[in-house]
Amino acid sequence: MTELAIADRTLPAGDRITDDELRTRCARPAFGRVLTEHMVSLRWTVDRGWHDAEVVPYGPLSVDPAMVGLHYGQVVFEGMKAFRHADGHAVLFRPHDHGARFADSARRLAMPELPVDTFVAAARALVRADERWVPFEPARSLYLRPIMFATDPVLALAPGREYRFLLLAMVTENFFGADSPPVSVWASTRYSRAAPGGTGGAKCAGNYAPAFLAQQEAAEHGCQQVVWLDAAEHRWVEEMGGMNIFWVHVQGEETTLVTPPLTGTLLPGVTRRSLLTLARDEGFRVEERPVALDDWQRLTETGAFAEAFACGTAAAVTPIGRVVAEGREWTVGDGTAGPVSARMRTALTDVQRGLVPDRHGWLVNAAPDESKGGFLTFG
Ligand SMILES: *Cc1c(COP(=O)(O)O)cnc(C)c1O
């Protein structure tokens, strides 16, 4: 049971958008564009710790132009999803794992950690407030975006002493389209995402804008995504822009799912971890080992690396059809979605949608346990 009560300052029923307006806004939910009507807000100060937890109408903030988060990038975020089950319930997928990673990211940026229970309570409170925004369509879900930033107006180069946590939600369709056709990827040797000792393992805002230029470079080479190589040698494949990567290694009767080890320069994805578990359930071997870009090409050409796919909360499992690098390119398999990628995608989304038993305890019901007066206390 969390001690922190979340005050209910949701819009009165009469001030919420109509069902018709809701349908119109959700007609084409391009990623990141259809935000819901509420958000959760918490504050942290040195003296009081976390306080002022509330669910409030979504809207602009008033912040100090000199705030630390804006100037020095003390900003961390998360991304997780809520799904509608056939029985009408909304569930969160592994919110405690996202909460734990949010705390890890905060620690890396010298920020206060939000207790995981409070993180999960905030997520449940928002899903309850915006319950009717949780889509019924199987290809859709509610994407939750927790974010924390330093708010105190002190331009001295030091960690903030005041923070704000916000939790937003948006309606989303699968990131690369409903049935996720294979993507093409550009292996950048010009830019790096993360160096040893840096922040590649944290979900901090500063990791993402530097990737935009590489993303433009990928587009110039006809690719949809960047695949990042290690910063020191530009040789080892690490991950994608916002997704981890897997290869399907076939040796005779045996199939192994291979993914790079968590060296600190790539993001420890909750989807990555889930797929490692589900792959074992499916009877595959799994291996966390470094894969060089050269090996990816060579093993694809011998047929050993039969498939490759990217994975993350937004995109679930997305097959990779083509790889382009400076002076070379190759097609993965026959360039279409392979059977193992499809099987892993189904294994994951079936758990998320409640179509198979939740054997690993990954789903958390978003409905509240109880409500007390004007306050909602979630356990
Ligand atoms: C969020 C993210 C991932 C995927 O993590 P999930 O927990 O599976 O959503 C992978 N790589 C990067 C760089 C990310 O930001």
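This one's a predicted model, so the numbers in the text were calculated from it and none came from an experiment.

1. Considering the overall build of the protein chain
Here is step 1: Assigned secondary structure in the protein chain consists of 8 helices and 19 strands.
Here is step 2: For the protein chain, the spread of C-alpha atoms along the principal axes amounts to about 65 × 55 × 35 Å.
Here is step 3: Within the protein chain, the proportion of its 379 residues that are buried is 53%.
Here is step 4: Partitioning the intrachain contacts of the protein chain with sequence separation of at least 6 by distance along the chain shows that 73% fall at a separation of at least 24.
Here is step 5: Looking at the protein chain as shown, the accessible area adds up to about 16600 Å², and 52% of this sits on carbon and sulfur atoms.
Here is step 6: Between the centroid of the 38 positive side chains of the protein chain and the centroid of its 47 negative side chains there is a distance of 1 Å.

2. A look at the pairing of strand E12 (residues 244–251)
Here is step 1: Within E12, 6 of the 8 residues are buried, which leaves it mostly tucked inside the rest of the structure.
Here is step 2: Relative to strand E15 (residues 305–312), E12 is paired through 6 bridges, and the arrangement is antiparallel. Across the sheet, residue Val 248 finds its bridge partner in E15, namely Glu 307.
Here is step 3: Taken together, the 5 bridges between E12 and strand E13 (residues 254–259) define a ladder with antiparallel strand orientation. Residue pairing for E13: His 249 is matched across the bridge by Thr 256.
Here is step 4: Between the antiparallel neighbours E12 and E13 lie 2 residues, among them Gly 252 with a positive phi of about 60°.

3. Digging into the pattern of salt bridges
Here is step 1: Tallied over the entire structure, the rule returns 24 salt bridges.
Here is step 2: Residues Arg 285 and Glu 254 are paired through a salt bridge, measuring 3.6 Å at the closest nitrogen-oxygen approach. Placement of the pair is Arg 285 in strand E14 (residues 285–288) and Glu 254 in strand E13, with a sequence separation of 31 residues.
Here is step 3: For Arg 285, a relative accessible area of 37% corresponds to the partly exposed category.
Here is step 4: The partly exposed category is assigned to Glu 254, whose relative accessible area is 40%.
Here is step 5: Each of Asp 19, Glu 37 and Arg 132 takes part in a single network of salt bridges with overlapping partners.

4. Focus: the domain arrangement of the protein chain
Here is step 1: Considered domain by domain, the protein chain is made up of domain 1 (7–173) and domain 2 (183–352).
Here is step 2: Between the C-alpha centres of domain 1 and domain 2 there is a distance of 28 Å.
Here is step 3: Contacts between the two partners involve 20 residues from domain 1, matched on the other side by 19 residues from domain 2.
Here is step 4: Roughly 1700 Å² of surface becomes buried between domain 1 and domain 2 when both sides are summed, with 60% attributable to carbon and sulfur atoms.
Here is step 5: Summed over the three residues of domain 1 that lose the most area to domain 2, namely Phe 77, Phe 93 and Arg 101, the buried surface amounts to 35% of that side.
Here is step 6: Between the two partners, domain 1 and domain 2, sit 1 salt bridge.
Here is step 7: As a salt-bridge pair, Asp 97 and Arg 273 come within 3.1 Å of each other at their nearest N and O atoms.
Here is step 8: Of all the elements in the fold, those that place two or more residues in the side of domain 1 that touches domain 2 are strand E4 (75–77), strand E5 (80–84), strand E6 (90–93) and helix H3 (95–108).
Here is step 9: The biggest single contributor to the side of domain 1 that touches domain 2 is H3, with 5 residues.
Here is step 10: Considering only residue class, the side of domain 1 that touches domain 2 consists of 10 nonpolar, 4 polar and 6 charged.

5. Quick look at the packing of H3 against helix H4 (residues 116–129)
Here is step 1: Here H3 crosses H4 at 125°, and the two axes come no closer than 9 Å. If you check the angle between H3 and H4, you find them oblique. In the packing of H3 onto H4, the handedness of the crossing is right-handed. On H4, the residues that touch Pro 95, His 96, His 98, Gly 99, Ala 100 and Phe 102 of H3 are Val 116, Phe 119 and Val 120.
Here is step 2: Residues of the contact of H3 with H4, tallied by class, amount to 6 nonpolar, 3 polar and no charged.

6. What to know about the nonpolar core
Here is step 1: Residues Val 127, Leu 142, Leu 144 and Phe 165 are the most contacted members of the largest nonpolar core, which totals 44 residues.
Here is step 2: Of all the secondary-structure elements, those providing two or more residues to this core are strand E2 (38–45), strand E3 (49–57), E5, E6, H3, H4, strand E7 (140–150) and strand E8 (162–173).
Here is step 3: Residues within four places of Leu 144 in sequence aside, it is in contact with Glu 78, Gly 79, Met 80, Leu 92, Ala 123, Leu 126, Val 127, Leu 167, Leu 168 and Ala 169.
Here is step 4: By size, the runner-up hydrophobic cluster in this structure holds 25 residues, among which are Leu 229, Ile 245, Ala 315 and Trp 330.

7. Details of the UniProt feature "modified residue: N6-(pyridoxal phosphate)lysine" (unreviewed entry) in the protein chain
Here is step 1: Mapped onto the present numbering, the UniProt feature "modified residue: N6-(pyridoxal phosphate)lysine" (unreviewed entry) falls on Lys 203.
Here is step 2: Lys 203 sits in the buried class, given a relative accessible area of 12%.

8. Remarks on the site of the ligand
Here is step 1: The immediate surroundings of the ligand are formed by 16 residues, with Lys 203, Tyr 208, Glu 239, Thr 271 and Thr 313 found nearest.
Here is step 2: For the ligand, a nitrogen atom lies 2.5 Å from a polar atom in the side chain of Glu 239.
Here is step 3: Protein coverage of the free-state accessible area of the ligand, which is 380 Å², stands at 97%.
Here is step 4: Those elements that provide at least two residues to the shell around the ligand are H3 and helix H6 (270–281).
Here is step 5: Along the lines of polarity and charge, the residues of the shell around the ligand split into 4 nonpolar, 8 polar and 4 charged.

Analysis parameters
Residues numbered from 1 in each chain as written. Predicted model: local features only at pLDDT ≥ 70, side-chain atom pairs only at ≥ 80, totals over all residues. Heavy atoms only, no water. Helix = DSSP H or I, 4+ residues; strand = E, 2+ residues; numbered from the N terminus. Buried < 20%, exposed > 50% of the residue type's maximum accessible area, 1.4 Å probe, protein only. Contact = heavy atoms within 4.5 Å. Areas by Shrake-Rupley, 256 points an atom, 1.4 Å probe, with all protein chains shown as cover. Lys, Arg positive; Asp, Glu negative; His and termini not counted. Charge placed at Lys NZ, Arg CZ, Asp CG, Glu CD. Pairing = 2+ DSSP bridges. Salt bridge = Lys/Arg side-chain N within 4 Å of Asp/Glu carboxyl O. Domains from an automatic or database assignment. Buried area = accessible area lost by both parts, 1.4 Å probe. Nonpolar A, V, L, I, M, F, W, Y, C, P; charged D, E, K, R; others polar. Axes fitted to C-alpha atoms, helices over the stretch in contact; angles between N-to-C directions. Parallel < 35°, antiparallel > 145°, perpendicular 65-115°, else oblique. Left-handed = near helix turned anticlockwise from the far one by under 90°. Core = buried A, V, L, I, M, F, W, Y, C linked by side-chain atoms within 4.5 Å. UniProt positions renumbered as here; feature names shortened; annotations may be inferred. Near = heavy atom within 4 Å. Polar contact = N/O pair within 3.5 Å; in protein donor to acceptor, adjacent residues only side chain to side chain.

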